[in-house]
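# Structural overview for review
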Protein chains: 2
Amino acid sequence: MNLNYIQPNSWSIIEEGFNANHVKASESLFSIGNGAMGQRANFEERYSGSSFQGSYIAGVYYPDKTRVGWWKNGYPEYFAKVINAPSWIGINVIVNGIDLDLFTCKKVSDFKRELNMKEGWLSRTFTAILPNDIEVKVETKRFLSLDLDEIGAINYQITPINTSAEIVFQPYIDSNIKNEDTNWEDKFWNTTKVSHENNQAFILAETMKTAFHTCTFMESKLFLNNEKLEKNPEVETNEQQVCFKYTQHVKANETYSIHKFGGYTVDRNHNKNELIIAAKKVLEKATNLGFNGLLQTQIAQWANIWKLADITIEGDVKAQQGIRFNIFQLNQTYLGTDSQLNIGPKGFTGEKYGGSTYWDTEAYCIPFYMATKDQKVARNLLEYRYNHLEKAIENAEKLGFSHGAALYPMVTMNGEECHNEWEITFEEIHRNGAIAFAIFNYYRFTNDYSYIPEKGLEVLIGIARFWQQRSTFSADKNQYVILGVTGPNEYENNINNNWYTNYIAKWCINYALENLEIVSKEHNSDFKRIWDKTKLTDSELSKWKSVAENMYFPFSELNDVFLQQDGFLDKELITVQDLDASQRPINQKWSWDRILRSPYIKQADVLQGFYFFESDFTTEQLEKHFDFYEPFTVHESSLSPCVHSIQAAKLGRMEQAYQFYLRTSRLDLDDYNHEVEEGLHITSMAGTWMSIVEGFGGMRVVNNMLSFQPKIPKQWQSYSFKINFRNQILKVHVCHDGNQFELDGTEELEILVNGESIKIVPNNLIEA
Amino acid sequence: MNLNYIQPNSWSIIEEGFNANHVKASESLFSIGNGAMGQRANFEERYSGSSFQGSYIAGVYYPDKTRVGWWKNGYPEYFAKVINAPSWIGINVIVNGIDLDLFTCKKVSDFKRELNMKEGWLSRTFTAILPNDIEVKVETKRFLSLDLDEIGAINYQITPINTSAEIVFQPYIDSNIKNEDTNWEDKFWNTTKVSHENNQAFILAETMKTAFHTCTFMESKLFLNNEKLEKNPEVETNEQQVCFKYTQHVKANETYSIHKFGGYTVDRNHNKNELIIAAKKVLEKATNLGFNGLLQTQIAQWANIWKLADITIEGDVKAQQGIRFNIFQLNQTYLGTDSQLNIGPKGFTGEKYGGSTYWDTEAYCIPFYMATKDQKVARNLLEYRYNHLEKAIENAEKLGFSHGAALYPMVTMNGEECHNEWEITFEEIHRNGAIAFAIFNYYRFTNDYSYIPEKGLEVLIGIARFWQQRSTFSADKNQYVILGVTGPNEYENNINNNWYTNYIAKWCINYALENLEIVSKEHNSDFKRIWDKTKLTDSELSKWKSVAENMYFPFSELNDVFLQQDGFLDKELITVQDLDASQRPINQKWSWDRILRSPYIKQADVLQGFYFFESDFTTEQLEKHFDFYEPFTVHESSLSPCVHSIQAAKLGRMEQAYQFYLRTSRLDLDDYNHEVEEGLHITSMAGTWMSIVEGFGGMRVVNNMLSFQPKIPKQWQSYSFKINFRNQILKVHVCHDGNQFELDGTEELEILVNGESIKIVPNNLIEA
């Protein structure tokens, strides 16, 4: 744990007291978003201390030219990144000619920030003494509307204490924006027009290369003691900025306020020539409602989300705060209404990982969205990959594969691979397996088979083809091997026969074969269409079968465990516990050379396979592998603790499960990895949800039924969660005395609890 | 073979006819150098076609900030490169107001370039019709003086044909120079002063960061029909240039000439405040001799080099031209007089590989310099590494090693590692072995043991320590393994138990132990000094022994060969011959992914070990390994064919040896790898020399004696070479009828010829 300043609170994230050293961390932690856009919690007024500005628009990215030390054939030409968009939140505040700037104030007191997760807004209050000795009290509130997702609103109130003052609000919009993360210090935005009318201003700007057209806009309303002021601004403009100036003489203890509405219209949703018109329309809707009216819709929308998504934990406020923070941030990042969008590892909270799509979506996020939203959301996430199938085939062709083999990218915005690291990214071909697994997982959970004949089967075929072509027949072993990969554990590179990769490869081929069989029988016209389109032949299927049936898996007789990869036992097998604490985290303390030849595991690798394919193994096997690998695992990936928490719970190791749970749920709040300044770990937050639902709740889908094996950490009095299972909502409440199930739906539901079948009638609390 | 325009000639490199598409290749091939500086064969006059400008000063480098896609701990902060220096060769030529520019001339005829290797100069003649229809004949000659190694001279002559013309020579010096190879487009030079006096001009410029101070200078003399003209120039200067202007009305068929002297004085050799004074001194010496006088010293100096270094081949002019080109370029690059300098893979002929020192020096170059120069030269090359021992210990510390373990850099200018590629560079720890091998090789050849107690033993200790610490005890194998390396074959990365690496690691430890023993007995005061200085203990030596005695070597019982690395037999073992020709070179045609998991070998790896440690193996073992590995070898490294040529000759496969010889000796002249435009492959040229001397000549040092097993390709009538063996010169002449040996020395020399002992009396031709 590296930070400890967030106040425990079950529904809010709260910071009290101003500390300039916390500003960048808080900018991440207090980020707000509405699925269509998001922003770091930068101050509205000028701030001259250290800060990381960030405002992002979903799907608006820039293809940054790849930067490498040594070019290798097969590198993509660019690294796509969601980029810092023009800023609309800024309001300079000038008091008797002096800028309000918390970094230069003589005194800041009663500073409080709150991110209210229940209602979806960010507030800030403080009292400050400016360099000119004027004391002011400030209250701000800001949110990005879920209802009108192109707009956000700010209420900024300032009160001079015991003195009158001339106060100027300077709301502005600004397209002179740089990314902190840029390979070549390119300029990412080209501003084409700056304009204003009355209290509205607009900047048209397009991204370089990708030519996404955007309009950044604002409108302001002024109030004195909540009475609306009819003011026309003085205007200052330059080629990339419009700044309005509203000057007011404010008497002692009077409150001068500005309601600023702003946001983006983009040509993903509008004709590119009508972005200002669209901006005016959304401004009209928002200003008609007013700040408070729009806020009421926000509260209602969030109530609606929480109704299904909330998890309660009694008796452990930090755990409660952690899980809600995770659920809140996931919903701020992705709401599932647009199959062109996906979930970037840092959401809208930073630039790292470029806002691109990783295997995180399939491996971690889909279960959360499946269970807490309409199933259409998970299907949209599957379709995202179906829509990229052609690009995945092109990706594979660039690496020398042929005949429709598909390799999904490790990192992508538009379906093309867009990263610039060979070993840690491209060699992670295991990602292709997670794409197929998500199709299986979706069907298992929703029972909606229609996706497979319509779209999924083509994806499965492309992936099976890849694995067959990527496997090599080893005459020496008389089996198929998979050489030169990086598994989920990125602390190994270019290894041979990563067990997880080989296992999922075999599984993918078998799952494709199985579904070809089903579709041929039950959806024959789809089958014919796909057979022709993909130019499949029986002899190709024989090749697939041969690879799947003769796949090699490294195994240690001595330890009775599958080996993470060939040669794992040659390492110096010192457990993490026996490693001097000063050596950790090894990714900061050790050279890459030393990490690579060490036994240390960044995140679940063999155990990830045991998580996906749990039913293929006995609990004894799981225990043996957990006991073999976890002691070498340093959990330096945000995606590691959740899988271990689930498995520890399954093995009845509740204290260990609880510690892993805390680590995943409060990873960012407590800044375990000392990097929260750079942004939040959004995709791993879905793993936190899994830790409770699948870990403590023991939820699985078994024989087409929901199954639970509820357990509870001793630190908690009770916990509850809800599951949208095939359009009925099951509420699960677990306490030390027993479990309660309650169904919000219309049909009787049969579930398994600790292996016993129980029938649940709607709206009838069942103890089990 | 990609180019075929160089005229066969035994002593010269000749290009006839002007072809703009050949300009960049010829700029490389006709490069000139004198060990202290070098330059590509750029034209003196303006040239607006495609060209790659390059002039380099030995030891003057720039630490370019490392550029990587993904930072890994342990990366060096910079990539050092020898940089393009200010230019002094330029002479704009203006004829009746129009620039002479071969790219824009209406016609160019009788174009001929000659690089005279016997005498060490570059000439160019042509007749050109300018855009204004004036026809001129031009003759130029240029050389970089071996005698005064800070200066070069140009004689530029122009004759208007059948018409008079106003001709202007504009000699200039220019420090507004950019590297083509730069990570961040940094400016590498800071010009501090531009000045001129009479016909002399000077630019003081220093390199950024490293602050090497340099003076670039020039002086010109003008002639009409060989009569000296007393002219004062018009002068144009700016902040980075001085340009003189000498205008002359030239009658039809008269010849107007300029003798331009220019070069560099640098603070490696002079007080940095006296660089202009030093420049004036060397200009005075040179101009006193005059162009022709200085040229005479050049011819004499080269005669002196050839006297010992020449290899003659009768009956095969292309083979003759090839070997002389190789010997010539090696001598242009490094003359061995300065132990602060070393041999960059591209010498002074291009920017790639940064002009830095690689293991090429120890593995390939030292045998050449040992046998063709005074033994002090090889000792200087050894001392270069001794001087970097502290840095090598620091390099190892950065990677987590301790207690004096030394890891020599793969790429260096000043002893620090300075490259930015992990797998292909840093993981090649085998380089450390070549540094130790060179010490062994030097002593074996020279019988000069003094180097070891004085300096070499400390290097051997640091290297042995590294290997002991870098080895891992595998409980599984009950042996020591070396994990996560790249061997000499760079088409494999991060492999385990590379046989070559493991073998040389064991050898290094044993060699260090052996020499500790000898030094303790025979140089006991040195032993005590070193023992104390290095803080050796008996228990540490026991650890070394344990590693050396229990090193693991991958071996295939089935094939009865050592395996290049663990898992080699899992690959799809299709030989190069069975690979479709369209797929080669694989480094251009295949993705890196495909190369890594293929069996294809870039350059000798196991066979490199058989080359170094030949006497550890039987000829039958060599044959078995050659037959196993060569068929998978694509020879896409310039360092590959020579080793294979030597081994094919040893195995009596003369046709194969001859083909490998041609490939190594004419690699650049015929542009086998389609990249000669970027510069020449200097270090591999030493391998060409080895192909003849060690390959065809079969030269070895056996039991402290020179030994030969001469063979001759059927394409040749005879060949001869000379060897400086312990201060006596042995000339070896081989023809199909037999071999002749002749000794230039004072003492009888016992040698072995095909295993038989023969005594050679000085100055007495022996047939054997």
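Small disclaimer: the values here were computed from a predicted structure and weren't measured.

Cut-off values and rules
Residues numbered from 1 in each chain as written. Chains lettered and ligands numbered in written order. Predicted model: local features only at pLDDT ≥ 70, side-chain atom pairs only at ≥ 80, totals over all residues. Heavy atoms only, no water. Helix = DSSP H or I, 4+ residues; strand = E, 2+ residues; numbered from the N terminus. Rg over C-alpha atoms; globule rule 2.2 N^0.38 Å. Contact = heavy atoms within 4.5 Å. Lys, Arg positive; Asp, Glu negative; His and termini not counted. Charge placed at Lys NZ, Arg CZ, Asp CG, Glu CD. UniProt positions renumbered as here; feature names shortened; annotations may be inferred. Expected span 1.5 Å × (residues − 1). Buried < 20%, exposed > 50% of the residue type's maximum accessible area, 1.4 Å probe, protein only. Phe/Tyr/Trp six-rings, centres within 6.5 Å; stacked < 30°, edge-to-face > 60°. Lys NZ or Arg CZ within 6 Å of the ring centre and 35° of its normal. Core = buried A, V, L, I, M, F, W, Y, C linked by side-chain atoms within 4.5 Å. Domains from an automatic or database assignment.

## What about the overall build of chain A?
Across its full length, chain A holds 19 helices and 32 strands. The C-alpha radius of gyration computed for chain A amounts to 27 Å, which stays within 12% of the reference 27 Å derived for 768 residues, consistent with globular compactness. Considering only C-alpha atoms, chain A reaches an extent of 85 × 60 × 60 Å along its principal axes. For chain A, contacts bridging at least 24 residues in sequence account for 68% of all contacts bridging at least 6. Of note, chain A has its 74 positive side-chain charges centred 2 Å away from the centre of its 100 negative side-chain charges.

## Comments concerning the UniProt feature "domain: Glycoside hydrolase family 65 C-terminal" (unreviewed entry) in chain A
The positions UniProt marks with the feature "domain: Glycoside hydrolase family 65 C-terminal" (unreviewed entry) are residues 699-758 of chain A. Secondary structure across residues 699-758 of chain A comprises 0% helix and 63% strand; the distance between its end C-alpha atoms is 14 Å.

## Some words on helix α3 (residues 317-333) of chain B
An ideal rise of 1.5 Å per residue puts 24 Å on 17 residues; α3(B) measures up with 24 Å between its terminal C-alpha atoms. For α3(B), a buried count of 15 out of 17 residues is recorded, marking the element as mostly surrounded by other parts of the structure.

## Section: the environment of A:Arg470
Of note, A:Arg470 is situated in helix α9 (residues 451-470). In this structure, the C-alpha to C-alpha distance between A:Arg470 and A:Asn387, residues 83 residues apart in sequence, is 23 Å. Sequence-distant contacts of A:Arg470, that is, excluding residues within four places in its chain, are made with A:Phe401, A:Ile429, A:Val481, A:Ile482, A:Leu483, A:Gly484, A:Val485, B:Asp593 and B:Arg597.

## Structural notes on the packing of aromatic side chains
By the definition in use, this model includes 126 aromatic pairs over all chains. Relative to A:Tyr511, the ring of A:Trp507 has its centre 4.8 Å away and its plane inclined at 10 degrees; by these criteria the two rings are stacked. Of the two residues, A:Trp507 and A:Tyr511 are both situated in helix α10 (residues 499-522); the distance of four residues between them amounts to about one turn of the helix. Centroid distance B:Tyr47 to B:Phe103: 5.8 Å. Interplanar angle 80 degrees. Geometry classified as edge-to-face. Of the two residues, B:Tyr47 is situated in the loop between β4 (37-39) and β5 (55-65) and B:Phe103 in the loop between β8 (98-99) and β9 (107-116); the sequence distance between them amounts to 56 residues. A:Lys477 extends its terminal NZ or CZ atom over the ring of A:Tyr552, reaching a point 4.8 Å from the ring centre.

## Here's the deal with the nonpolar core
Of all hydrophobic cores here, the largest spans 480 residues; its most connected members are A:Leu100 and B:Leu100. Residue-level mapping places this core at the junction of two domains, with at least three residues from each of domain 1 (11-309) and domain 2 (374-634) of chain B. Apart from residues lying up to four places away in sequence, B:Leu100 is in contact with B:Glu45, B:Arg46, B:Val93, B:Cys105, B:Phe126, B:Ala128, B:Leu130, B:Val136, B:Val138, B:Tyr156 and B:Ile158.

## Brief notes about helix α19 (residues 682-696) of chain B
All names here are of chain B. When the terminal C-alpha atoms of α19 are compared, their 21 Å separation across 15 residues agrees well with the 21 Å that a helix rising 1.5 Å per residue should span. For α19, a buried count of 15 out of 15 residues is recorded, marking the element as mostly surrounded by other parts of the structure. Of the residues one or two after α19, Gly 698 is the one with positive phi, at around 65 degrees.

## Quick notes on the environment of A:Glu742
Residues and elements named next belong to chain A. Examined against the element boundaries, Glu 742 turns out to sit in strand β29 (residues 738-744). C-alpha separation for the pair Glu 742 and Lys 731, spaced eleven residues apart in sequence, amounts to 5.0 Å. Apart from residues lying up to four places away in sequence, Glu 742 is in contact with Ile 729, Leu 730, Lys 731, Asn 764 and Leu 765.

## A word on unusual backbone geometry
Omega for the peptide link from A:Arg584 to A:Pro585 comes to -5 degrees, which places this bond in the cis form. Inspection of the secondary structure puts A:Pro585 in the loop between β24 (561-562) and α13 (586-589). Phi is positive for B:Asn447, which is not a glycine, with a value near 65 degrees. Mapped onto the elements of the fold, B:Asn447 is located in the loop between α8 (431-446) and α9 (451-470).

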